[in-house]
Amino acid sequence: MALNLNYVARETGQNLIRNPTLTVASVITVAIALTLAGVALLVGEGVDKLAGKFRDDVQIIIFVSPDATDEQVSAIEASLEENPEVADFSYVDRDAAFAEAQELFEDQPTMADLLRPEDVPTSFRVKPVNPDIDSVLALRSIFQRHPGVQEVTSAAEAIRAIQELSQKLSYGVYFAAAVSSVTAVLLIYNTIRTAMFARRREIEVMKLVGATNWFIRVPFIIEGMAQALLGGLLAIALLLGLNQVLFRSLARNEFFELFRQFDFANSTVVLQSIPLVLVGMVIGAIGSGFAVGRFLDV
Amino acid sequence: MALNLNYVARETGQNLIRNPTLTVASVITVAIALTLAGVALLVGEGVDKLAGKFRDDVQIIIFVSPDATDEQVSAIEASLEENPEVADFSYVDRDAAFAEAQELFEDQPTMADLLRPEDVPTSFRVKPVNPDIDSVLALRSIFQRHPGVQEVTSAAEAIRAIQELSQKLSYGVYFAAAVSSVTAVLLIYNTIRTAMFARRREIEVMKLVGATNWFIRVPFIIEGMAQALLGGLLAIALLLGLNQVLFRSLARNEFFELFRQFDFANSTVVLQSIPLVLVGMVIGAIGSGFAVGRFLDV
Amino acid sequence: MIRLENVTKVYKGDVVALRDGSFEINKGEFVFLVGPSGSGKSTLFRLMNREERPQAGRIFVAGKDIGELSSWKIPYLRRNIGSVYQDYKLLLNKSVYENVAFALEVIGRPRHVIKTQVPAILELVGLAKKQRNYPNELSGGEQQRVSIARAFVNRPLILLADEPTGNLDPATSVGIMRLLDRINRTGTTVVMATHDRSIVDTMRRRVIELDRGTIIRDQARGVYE
Amino acid sequence: MIRLENVTKVYKGDVVALRDGSFEINKGEFVFLVGPSGSGKSTLFRLMNREERPQAGRIFVAGKDIGELSSWKIPYLRRNIGSVYQDYKLLLNKSVYENVAFALEVIGRPRHVIKTQVPAILELVGLAKKQRNYPNELSGGEQQRVSIARAFVNRPLILLADEPTGNLDPATSVGIMRLLDRINRTGTTVVMATHDRSIVDTMRRRVIELDRGTIIRDQARGVYE
Ligand SMILES: Nc1ncnc2c1ncn2[C@@H]1O[C@H](COP(=O)(O)OP(=O)(O)OP(=O)(O)O)[C@@H](O)[C@H]1O
Ligand SMILES: Nc1ncnc2c1ncn2[C@@H]1O[C@H](COP(=O)(O)OP(=O)(O)OP(=O)(O)O)[C@@H](O)[C@H]1O
Ligand SMILES: [Mg+2]
Ligand SMILES: [Mg+2]
């Protein structure tokens with residue numbers, strides 16, 4: 001190959017500087033493309049965290065009969081402690097249950113007035129190890145038959161829906177990430193191809209002077225990588241800006257709890273972006289290598 | 001100008017066909033850019049509908065005293081009918097209220113068993129004309145003093161939060177739409193500039209042969225418009241695809257009520273996209289006109 | 001037709017391509033521009049069609065000071081000047097026919113005129129068979145002749161030909177010179193830069209000689225040197 | 001050094017640029033290629049450096065059938081052949097110095113060699129002062145000389161020069177011909193296409209004449225026609 005580092009560095013630098021139109025166009029395109037992909041990644045992470053939180057919220061409530069004895073309550077507690085499917089549980093005693101009910105009826109004063117502590121059943125709040133629907137139903141049927149238990153409830157429908165949703169959402173996010181990656185690759189490759197088209201005559205001449213394909217390719221490849229690097233740095237800056245302006249302000253809105261998970265640390269954004277920039281550089285390199293190839297057939 | 005339609009048509013057609021690299025690159029870029037902007041618009045519409053729905057859900061509940069006379073109830077009804085701030089209202093009588101309460105306590109069987117129809121207060125459900133917090137509080141204080149009224153409630157906090165949120169969300173959407181529009185313009189202009197750069201020598205030669213600036217520009221402008229049109233049609237196809245695969249499937253997920261508003265009709269998508277395509281064509285035209293200008297200085 | 005008054009053109013790096021040049025070329029004249037490589041012949045042409053502007057002096061073409069021409073009028077100046085460029089300057093994405101037709105389209109000639117005049121002029125320069133070819137499918141001399149055809153086709157007032165026979169064999173050169181002579185006889189002013197001694201010596205027309213930017217000779221019925 | 005065996009080259013549209021051409025050029029020979037515009041001279045050069053491939057026949061360069069060369073070996077063939085192109089084929093985004101240096105960089109010459117050889121060859125073709133200029137800042141003849149310098153600089157076995165004096169004045173032409181002659185005396189095989197009768201007639205070397213793709217004359221110590 002007889003490739004000379006000095007030659008490659010000089011050649012790349014000159015190409016970058018002498019064709020500012022092409023350089024600027026490539027850098028902007030790469031920045032936009034990577035920002036797009038970066039947003040998809042961040043949203044993906046938010047959705048993942050969100051789905052995790054939904055699963056964390058799954059709980060089974062074991063209502064204790066009003067006429068259950070203290071021994072029966074202890075027995076329930078003991079079986080809960082033994083059961084390997086139970087991750088955690090807590091006992092809501094009469095006072096706590098009454099306070100909860102009061103709060104629930106805040107807006108319906110008549111109801112709140114009617115309530116007496118004795119009316120409110122005590123209960124165990126159980127967090128299953130496996131928040132999926134089958135384990136939950138299994139746990140329910142076990143405790144349903146336990147003496148002293150009045151009823152076991154769980155938002156079975158909700159759990160099923162959450163499960164489906166979190167799957168759909170992650171498919172959706174994979175899909176969006178795939179689409180934005182393909183978009184990014186297309187945009188970058190497009191720009192490279194056009195830039196090469198603009199320089200096709202030069203490439204032909206180099207070939208005629210006796211340059212090997214690699215001798216011609218390498219500077220273009222390095223150039224592609226350099227442009228991707230610049231574009232990538234710009235993309236990181238854009239992502240940090242977006243994080244501040246969009247995600248964080250959304251996440252910090254009191255009411256919209258759903259977006260609570262979209263509060264990303266700046267370091268997360270940067271770490272998230274580094275592989276992206278690397279991928280961009282690889283695309284830049286391979287894309288340039290390929291695009292130049294079309295004009296090497298002389 | 002001595003511009004000949006036949007010449008312009010032929011010239012444009014030839015440019016499109018003889019430089020397939022540039023044509024394909026431009027069309028793809030425009031398609032991606034417009035799809036981006038289109039997604040922002042659709043999300044914007046969804047968010048608007050969502051905010052509208054939140055505002056629709058604002059209601060005031062006037063609980064009637066258990067000891068209110070029928071005349072007092074009729075009087076409340078009459079004042080509600082008179083009040084210009086009341087958009088709509090309905091009376092929840094004892095049976096309806098009891099049924100509602102039963103449903104509410106579905107998961108807490110002890111509570112459900114305890115309830116008797118006489119315990120549940122009847123109420124008026126009032127939809128205010130103006131769902132903002134001030135009007136709601138004004139209405140509340142008016143009816144609070146009405147004879148036969150036990151209490152007037154409204155989710156004041158929730159209303160305030162919704163109001164803030166819907167404002168923030170629409171800012172967010174404006175912001176996203178602005179960002180994606182700027183991105184679209186940048187991408188398209190970038191591509192045009194690069195393509196012009198690739199043809200700069202041709203443009204120079206035309207100038208030297210005595211072509212006026214407009215004679216050179218017009219075919220490039222039409223070419224830019226044609227590419228934007230093709231890219232726009234592709235973008236509409238992409239948006240229809242995205243609508244099917246992403247928005248609709250999200251909207252139809254049972255659990256995620258929030259996205260119910262993202263079920264767009266295909267005709268909406270198409271109608272939404274047409275101004276986008278027109279804007280794209282204008283950018284293509286103006287961008288080409290400008291980009292060619294840089295090389296007209298001979 | 002063309003008058004230069006003390007024109008000086010200096011390129012960046014202090015290259016004086018024309019130093020205080022003055023001359024007048026009358027309507028219908030035929031002038032040879034000679035001088036060694038790099039003496040400023042092409043620069044002179046570029047000054048006359050306002051591709052370049054001089055640092056000092058004034059240039060009149062058809063009575064107008066072209067230094068004062070507003071930029072939108074430049075195309076109209078160039079339509080009166082047919083230029084054969086040393087490097088041909090063909091439109092690479094247009095066929096031979098389209099290249100020549102372009103010069104007529106630019107001035108708004110109707111299609112039927114183009115359809116008769118273009119093949120006629122291509123016949124004249126011996127390229128009737130190459131109408132559909134693209135410039136990169138032509139030999140050097142053929143490209144040069146396309147450039148000549150394009151410069152002629154709209155019957156300009158002035159013809160500036162920069163080494164129009166540089167890539168032509170002697171026989172074809174003679175043919176082209178006959179054509180130029182015929183064009184000149186119809187009243188077109190012709191200025192031709194050349195290195196071809198035999199052509200200059202045979203034709204015996206006015207010769208302006210340049211040397212490193214200075215006009216060192218302006219001779220009626222001159223020879224190459 | 002170069003041998004053609006019944007080579008035929010037909011371009012699309014049934015243009016026969018070379019018909020059944022055979023000849024052999026020995027190491028160290030100096031051959032003029034003459035013929036009217038479009039007769040196939042440049043095509044012959046393009047066949048010899050494998051820019052084009054013939055429809056029939058075989059071409060040997062330095063003993064190797066270049067038709068059988070795998071594509072990655074073509075650059076190595078071209079490094080043994082210095083080519084002066086009719087349209088110069090300079091790298092427009094490189095300065096004069098860089099253009100010439102490129103031919104040395106391609107073959108991996110170290111920097112100090114480049115730094116001494118490039119200025120030397122530019123001095124030889126009279127462009128010492130234009131090293132930093134870009135091709136579009138040069139006169140036609142100057143560009144042609146850059147092309148010549150680039151073709152020479154790596155001392156190739158074979159030099160193919162396509163009208164290397166087409167844009168040069170007689171005096172500079174003579175200088176270039178002296179240079180070619182000197183190069184030839186050091187053992188380099190030179191093939192030169194030209195339309196310049198006086199050069200051919202003065203040098204009296206072997207002349208191969210083409211006419212519409214057919215070799216009609218191959219004469220030792222020949223004249224232009
Ligand atoms: N754009 C430019 N920038 C700097 N120098 C230039 C530029 N154009 C031309 N020159 C220089 O000006 C001088 C005159 O150039 P010009 O092209 O007029 O010569 P010429 O007489 O046409 O030569 P030739 O016969 O070789 O074509 C040359 O030395 C050339 O290098
Ligand atoms: N790529 C091509 N496609 C079609 N025809 C071509 C192509 N290249 C050359 N030709 C034709 O082949 C013939 C020979 O061309 P070539 O360039 O070899 O001529 P030449 O002898 O170099 O002429 P000149 O002296 O004018 O440079 C010409 O008629 C030309 O039009
Ligand atoms: Mg010149
Ligand atoms: Mg040739």
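Residues numbered from 1 in each chain as written. Chains lettered and ligands numbered in written order. Predicted model: local features only at pLDDT ≥ 70, side-chain atom pairs only at ≥ 80, totals over all residues. Heavy atoms only, no water.

Before we go on, may I ask you to explain the relation of the copies chain C and chain D in this structure?
Both copies of the chain are related by a screw-like operation: a rotation about an axis and a shift along it. Turning chain C through 180° and shifting it by 0.0 Å along the axis lays it on chain D, with an RMSD of 0.0 Å. Seen this way, the second copy is the image of the first under a two-fold rotation axis. Minimal C-alpha distance to the rotation axis in chain C is attained by Gly166(C), lying at 2.5 Å. (Least-squares fit on C-alpha atoms with pLDDT ≥ 70 in both.)

How should I be thinking about the site of ligand 1 in this particular structure?
Around ligand 1 there are 23 residues in total, and Ser42(C), Thr43(C), Ser139(D), Gly141(D) and Glu142(D) lie nearest to it. Per-site note: the chains with residues close to ligand 1 are chains C and D. In the environment of ligand 1, an oxygen atom lies 2.6 Å from a nitrogen or oxygen atom belonging to the side chain of Glu142(D). When ligand 1 sits alone it has 640 Å² of accessible area, and the protein chains cover 95% of it. Residue assignment for the shell around ligand 1 shows that the elements contributing at least two residues are strand S2 (15-25) and helix H1 (41-48) of chain C together with helix H5 (140-152) of chain D. (Near = heavy atom within 4 Å. Polar contact = N/O pair within 3.5 Å; in protein donor to acceptor, adjacent residues only side chain to side chain. Areas by Shrake-Rupley, 256 points an atom, 1.4 Å probe, with all protein chains shown as cover. Helix = DSSP H or I, 4+ residues; strand = E, 2+ residues; numbered from the N terminus.)

Help me understand helix H10 (residues 266-293) of chain B, please; the structure alone is not making it clear to me.
Residue pairs three or four apart in sequence face the same way in an α-helix, which turns once every 3.6 residues. The end-to-end C-alpha distance of H10(B), which contains 28 residues, comes to 40 Å, matching closely the 40 Å that a straight helix rising 1.5 Å per residue would cover. When the local axis directions of H10(B) are compared, the greatest deviation, roughly 25°, occurs at Ile274(B), which is followed within four positions by the proline Pro275(B). (Expected span 1.5 Å × (residues − 1). Bend = angle between axes of the 7 residues up to and from the residue.)

Looking at this structure, how should I read the coordination of the magnesium ion (ligand 3)?
Six octahedral donors around a metal ideally sit at 90 or 180 degrees from one another, while four tetrahedral donors ideally sit at 109.5 degrees. All names here are of chain C. Protein-derived ligands of the magnesium ion (ligand 3) are Ser42 (OG) and Gln86 (OE1), with the metal-ligand distances lying across 1.9 to 2.1 Å. With Ser42 in helix H1 and Gln86 in the loop between strand S6 (81-84) and helix H3 (96-106), this residue pair connects regions lying 44 residues apart in the sequence. Here Ser42 matches Gln86 in class, with each residue buried. (Donors = N, O, S within 2.8 Å, 3.2 Å for Na, K, Ca; no water. Buried < 20%, exposed > 50% of the residue type's maximum accessible area, 1.4 Å probe, protein only.)

What is the right way to read the environment of Ser181(B) from this model?
Position of Ser181(B) among the secondary structure elements: in helix H7 (residues 156-198). C-alpha of Ser181(B) to C-alpha of Leu41(B): the two residues are 140 residues apart in sequence and 9.9 Å apart in space.

What's the story with the sheet that holds S2(C) in this structure? I'm lost.
Strands belonging to one sheet form pairs held by backbone hydrogen bonds; the direction of such a pair is parallel or antiparallel. Residue and element names in this part refer to chain C. Spatially, the 4 strands line up as an open sheet ordered S2-S1-S4-S5, and their pairing is antiparallel. Of all strands in the sheet, those bounded by a partner on one side alone are S2 and strand S5 (64-65). Where strand S1 (residues 2-11) lies against strand S4 (residues 56-61), 5 bridges are found, and the strand directions are antiparallel. By the bridge assignment, Leu4 is partnered in S4 with Ile59. Packed on one face of the sheet, H1 meets S1, S2 and S4 and runs near 115° to S1. (Pairing = 2+ DSSP bridges. Contact = heavy atoms within 4.5 Å. Axes fitted to C-alpha atoms, helices over the stretch in contact; angles between N-to-C directions.)

What is the right way to look at the domain arrangement of chain A in this model?
Residue and element names in this part refer to chain A. By the assigned domains, chain A splits into domain 1 (5-54 + 159-297) and domain 2 (58-154). Here domain 1 and domain 2 have C-alpha centroids that lie 52 Å from each other. When the two sides are added together, the surface that domain 1 and domain 2 hide from each other amounts to roughly 450 Å², 69% of it contributed by carbon and sulfur. The interface formed by domain 1 and domain 2 contains 0 salt bridges. In this structure, the connection of domain 1 to domain 2 is made through 0 residue pairs in polar contact (both at pLDDT 80 or more). It is helix H7 (residues 156-198) that contributes the most residues to the side of domain 1 that touches domain 2, 3 residues altogether. Per-class residue counts for the side of domain 1 that touches domain 2 are 2 nonpolar, 1 polar and 1 charged. (Domains from an automatic or database assignment. Buried area = accessible area lost by both parts, 1.4 Å probe. Salt bridge = Lys/Arg side-chain N within 4 Å of Asp/Glu carboxyl O. Nonpolar A, V, L, I, M, F, W, Y, C, P; charged D, E, K, R; others polar.)

In this structure, what is going on with the interface of chain C and chain D? I would like to understand it.
Many descriptions give the size of an interface as the accessible area lost when the pieces come together. Taken together, the contact pairs 24 residues of chain C with 24 residues of chain D. For the pair chain C and chain D, the summed buried area comes to about 1800 Å², and 40% of that belongs to carbon and sulfur atoms. Of all residues in chain C, Ser37(C), Asn167(C) and Pro170(C) give up the largest surface area on contact with chain D, accounting jointly for 28% of the area buried on that side. The interface formed by chain C and chain D holds 2 salt bridges in total. One salt bridge in this structure joins Glu137(D) and Lys12(C), with 2.5 Å as the shortest N-O distance. Those elements that provide at least two residues to the side of chain C that touches chain D are helix H5 (140-152) and helix H6 (170-185) of chain C. Of the residues forming the side of chain C that touches chain D, the biggest block, 4 residues, is contributed by H5(C). Of the residues belonging to the side of chain C that touches chain D, the class tally is 5 nonpolar, 11 polar and 8 charged.

Even after reading the chapter, I still don't get the packing of aromatic side chains, so can you show me in this structure?
To describe a pair of aromatic rings, one takes the distance between the centres and the angle between the planes. All names here are of chain A. Counted under the stated rule, the structure contains 14 aromatic pairs over all chains. With centroids separated by 4.4 Å and ring planes inclined at 20°, the aromatic side chains of Tyr7 and Phe215 adopt a geometry described as stacked. Of this pair, Tyr7 sits in helix H1 (residues 5-18) while Phe215 is found in helix H9 (residues 213-251), placing the two residues 208 residues apart along the sequence. By relative accessible area, Tyr7 is classed as buried at 2%. (Phe/Tyr/Trp six-rings, centres within 6.5 Å; stacked < 30°, edge-to-face > 60°.)

When you look at the nonpolar core in this model, what are you seeing that I'm missing?
Counting 157 residues, the largest nonpolar core has Phe32(C), Phe102(C), Leu122(C), Phe102(D) and Leu122(D) as the members making the most contacts within it. Setting aside residues up to four positions removed in sequence, Phe32(C) forms contacts with Met177(C), Met192(C), Thr194(C), Ile199(C), Val200(C), Met203(C), Arg205(C), Arg206(C), Val207(C) and Ile208(C). (Core = buried A, V, L, I, M, F, W, Y, C linked by side-chain atoms within 4.5 Å.)

Just to check I follow, could you spell out the site of ligand 2 for this structure?
As a matter of local geometry, ligand 2 sits amid 23 residues, with Ser139(C), Gly141(C), Glu142(C), Ser42(D) and Thr43(D) nearest to it. Within the side chain of Lys130(C), an N or O atom sits 2.8 Å from an oxygen atom of ligand 2. Contacts to ligand 2 include Lys41(D), whose backbone N or O atom sits 2.7 Å from an oxygen atom. Against a free-state accessible area of 640 Å², the protein chains account for coverage of 94% of ligand 2. Of all the elements in the fold, those that place two or more residues in the shell around ligand 2 are H5 of chain C together with strand S2 (15-25) and helix H1 (41-48) of chain D. Its residues placed into classes, the shell around ligand 2 shows 4 nonpolar, 13 polar and 6 charged.

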